[in-house]
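Structural overview
Take a look at the letters that make up each chain.
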Amino acid sequence: MRKKLSAIVLCFCILISAVVPVNATQKTTPIDEIQSTCPTIFIHGFACGDIYSNLGTEDETVVWPMQSDVIMTAVEKAVKPIADYLLTHNWAKFEDALIEVVNILFEGAWNNPDGSAKEGTGIDWTYPEQIDPTSTVDFCYDWRGDPLEIADQLADFIDYVLIKTGSEKVAIECHSMGGIIFISYAAKYGLDKIHGAIMDSTAVYGASYIGKLFTNEFVLDGEAIYSYLLFAMTGNEYEEVLNFLFDTLFAMGVFDILECAAEELVRRSMERVARECLIPLFGYWTSVWAMLPDADFEKAESFVFDTLLIDKTEEHTVLRNRVNAYNDQVRVKRDDILQQLAEKERLMVISRYGFSMAPVSSTWSMQSDGVIDTAYSSFGATAANYGSYLSEEYLAEHKQAGYISPDSIVDASTCAFPDVTWFIKCYPHSNYTVALNALKNAVLFADEPVNIHSYAEYPQYMISANGAIVPFESYEKEPCNPLYAYGKLMQYIRDKLEDLFKTIFDKVASLFVMPA
């Protein structure tokens, strides 16, 4: 009888295990009961702090972000050359003026040709005097610099925090370029002092448009500009009104005019603009080189140093050495470092999607958070292009695995660490994920490993809705912009404006198209 009862129990257990999905939410410690056991260092991303000139003096001045007086000076300088060009079609004169305007806007933040910061420039930041042993403390740095040198600064700061708090380890949370700084630290100093890590929309695998800009593949597409403006207005209090305006301008062909002008600029002047403006700005920031995707690096290095800067090879030797040092010491170790972090079972990867990329290259249609490609920030997700969905064939083959997003846009099964990778739809890159702090805390400090199945309120796919981040459980076609509901009057106004702009489109566009 006892054997018969045991057999019945065994059969019941087998039946239950076959019916209950393996990814059912696990029983874990209540998320609000989990306490931090060590300090967390937050490593900010690109442009995380103001850049000053005459740092530490009475003449200390912010040079990045550019100030209103600088912008006004640039605008004043630009007005006359634009007017002259429209009247005379003298492109050479216009090109000279354009480069002067760009330099006025950005030269305050330029580095030296060797990649070092200009004397007297930098950020204004000091270590905090008091640090709570379980608090989160910011690490700030001059984001224009060499990641390997910033890694040394991070190492010093970690030691400072450990001494101040009496802790043996620190947890790390990094956002955007902060991921590059952390991986650079790990490549030089190892992970012995690291308890765990949150990788939030990091750029450790690069950003596609950076690679294209550094390989002279600049493309400005009208539809790309339109899509990016929609992204840029996300969360703005006038978002609906502005989106209606952009929709109308797009229908009228205004963005086609911009595309036409950009094509003319690229055809005539892009190489000179790159040599005299883009490279002295972005190319002298060693950190930006670290954001090049692997596939673009060799071509970018050759184009910049062997083509654009060929007549100044000696002047840029140190910069080139810095760029290659990052490759030799960090890029080649990146995958192993991330694997070591995963083995600690205290790793969380956060990626975002729902936006197009920056409208400056052919990669603008890649799924992204507006800055970093979703495929890169997730460490390998398969994502449909912006405005598209994964194919029916692809879904039929992969949906059973359980990693497809509710809207059929993202497949997490191809990520390096699919079970500890979360996605947020329609959440712009620059927004911090404060709403996920409880989950981050659980990943870092829970007694048992936490993954995408641990908490029902934090599934693998979430969505930004009305200022909150909530589970993305189902997908319905998004409603039309409510401003279109104004009916026939609004449609009549729109149609008339469209007719007006289309009438003048050919004339305006022709002003930008001249024989070579």
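Here we summarise the structure given alongside this text. Please read these numbers as outputs of a predicted model, since none were measured by experiment.

1. What to know about the overall build of the protein
The helix and strand inventory of the protein stands at 17 helices and 12 strands. The buried share among the 516 residues of the protein stands at 48%. Intrachain contacts of the protein at a sequence separation of at least 6 include 75% that bridge at least 24 residues.

2. Here we look at the nonpolar core
The biggest cluster of nonpolar side chains holds 119 residues, and the ones touching the most others in it are Ile41, Ile43, Phe182 and Met199. In terms of residue count, the dominant contributor to this core is helix 4 (residues 147-165) (9 residues). If sequence neighbours within four positions are ignored, Phe182 has contacts with Ile43, Leu154, Ile172, Cys174, Leu191, Ile194, Ala197, Met199 and Leu341. With 6 residues, the next largest nonpolar core counts Tyr226, Met233, Phe246 and Phe255 among its residues.

3. Focus on the packing of aromatic side chains
For the coordinates displayed, the defined rule picks out 23 aromatic pairs. Centroid distance Tyr127 to Phe157: 4.9 Å. Interplanar angle 65°. Geometry classified as edge-to-face. Linking Tyr127 in the loop between helix 3 (91-106) and strand 4 (136-139) with Phe157 in helix 4, this pair joins segments that are 30 residues apart in sequence. Residue classification places Tyr127 among the partly exposed positions, given a relative accessible area of 32%. Three or more aromatic residues joined by ring pairs make a cluster, and in this case those are Phe46, Trp64, Phe106, Trp143, Phe282 and Trp285.

4. Some words on the pairing of strand 11 (residues 461-465)
Direction of pairing for strand 10 (residues 421-425) relative to strand 11: parallel, over a ladder of 3 bridges. Bridged to Phe423 within strand 11 is Tyr461. Traced from strand 10 through helix 16 (residues 437-445) to strand 11, the parallel crossover comes out left-handed. Both strand 11 and strand 12 (residues 468-471) contribute to a ladder of 4 bridges, which runs antiparallel.

5. Thoughts on the pattern of salt bridges
Side chains that carry opposite charge are capable of pairing whenever their charged atoms lie near each other. Counting across every chain of the model gives 22 salt bridges. Residue Asp142 pairs with Arg144 through a salt bridge whose shortest N-O separation is 2.7 Å. Of the two residues examined, Asp142 and Arg144, each falls in the buried class. The residue Lys425 makes a salt bridge to Asp407 at a minimum N-O spacing of 2.9 Å. Remark: Asp407 occurs in the loop between helix 15 (392-398) and strand 9 (410-411) and Lys425 occurs in strand 10; sequence separation between them is 18 residues. The same class applies to Lys425 and to Asp407, which are both buried. Each of the salt bridges in this network shares a partner with another, and the network as a whole consists of Glu95, Asp96, Arg272 and Glu276.

6. Details of helix 8 (residues 239-252)
Counted at 1.5 Å a residue, the expected span for helix 8 with its 14 residues is 20 Å, and the 20 Å between its end C-alpha atoms agrees. Along helix 8, the residues classified as buried are Asn243, Phe244, Phe246, Asp247, Thr248 and Met252. Remark: Gly253 follows helix 8 within two positions and exhibits a positive phi of approximately 90°.

7. As for the environment of Arg268
By secondary structure assignment, the location of Arg268 is in helix 9 (residues 254-283). C-alpha separation for the pair Arg268 and Ala92, spaced 176 residues apart in sequence, amounts to 9.3 Å.

8. Notes on the side chain of Ser356
Locating Ser356 in the fold gives a position in the loop between strand 7 (347-353) and helix 14 (374-377). Judged by relative accessible area, which is 1%, Ser356 ranks as buried. Every residue in contact with Ser356, bar those within four places of it in the chain, is listed here: Ser227, Tyr228, Trp364, Met366, Ser368, Gly370 and Tyr386.

9. A few points about a nonpolar patch on the surface
On the surface, Ile71, Val75 and Val79 cluster together into a nonpolar patch covering about 230 Å² of accessible area. Topologically, Val75 is positioned in helix 2 (residues 68-88). Taking the relative accessible area as the measure of exposure, Val75 reaches 41% and is therefore partly exposed.

10. Looking at the sheet that holds strand 11
Strand order in this open sheet of 8 strands is 4-1-5-6-7-10-11-12, and the pairing throughout is mixed. The two strands at the open ends of the sheet, each matched to only one other strand, are strand 4 and strand 12. On average, adjacent strands in this sheet sit at an angle of 25° to one another, irrespective of strand direction.

11. Examining the packing of helix 5 (residues 178-189) against helix 13 (residues 334-343)
Remark: helix 5 packs on helix 13, axes separated minimally by 10 Å, with the N-to-C direction vectors making an angle of 90°. By the angle class used here, helix 5 and helix 13 are roughly perpendicular. In this structure, helix 5 uses Phe182, Ile183, Ala186 and Ala187 to contact helix 13, whose residues at the interface are Arg334, Ile337, Leu338 and Leu341. Grouping the amino acids of the contact of helix 5 with helix 13 by side-chain chemistry returns 7 nonpolar, no polar and 1 charged.

Scoring rules and cut-offs
Residues numbered from 1 in each chain as written. Predicted model: local features only at pLDDT ≥ 70, side-chain atom pairs only at ≥ 80, totals over all residues. Heavy atoms only, no water. Helix = DSSP H or I, 4+ residues; strand = E, 2+ residues; numbered from the N terminus. Buried < 20%, exposed > 50% of the residue type's maximum accessible area, 1.4 Å probe, protein only. Contact = heavy atoms within 4.5 Å. Core = buried A, V, L, I, M, F, W, Y, C linked by side-chain atoms within 4.5 Å. Phe/Tyr/Trp six-rings, centres within 6.5 Å; stacked < 30°, edge-to-face > 60°. Pairing = 2+ DSSP bridges. Right-handed = clockwise from strand over helix to strand, strands pointing away. Salt bridge = Lys/Arg side-chain N within 4 Å of Asp/Glu carboxyl O. Expected span 1.5 Å × (residues − 1). Patch = residues over 30% accessible without salt bridge, like charges linked within 9 Å, V, L, I, M, F, W, Y side chains within 5 Å. Areas by Shrake-Rupley, 256 points an atom, 1.4 Å probe, with all protein chains shown as cover. Axes fitted to C-alpha atoms, helices over the stretch in contact; angles between N-to-C directions. Parallel < 35°, antiparallel > 145°, perpendicular 65-115°, else oblique. Nonpolar A, V, L, I, M, F, W, Y, C, P; charged D, E, K, R; others polar.

Everything listed here is a matter of coordinates, which is why it stays silent on function.
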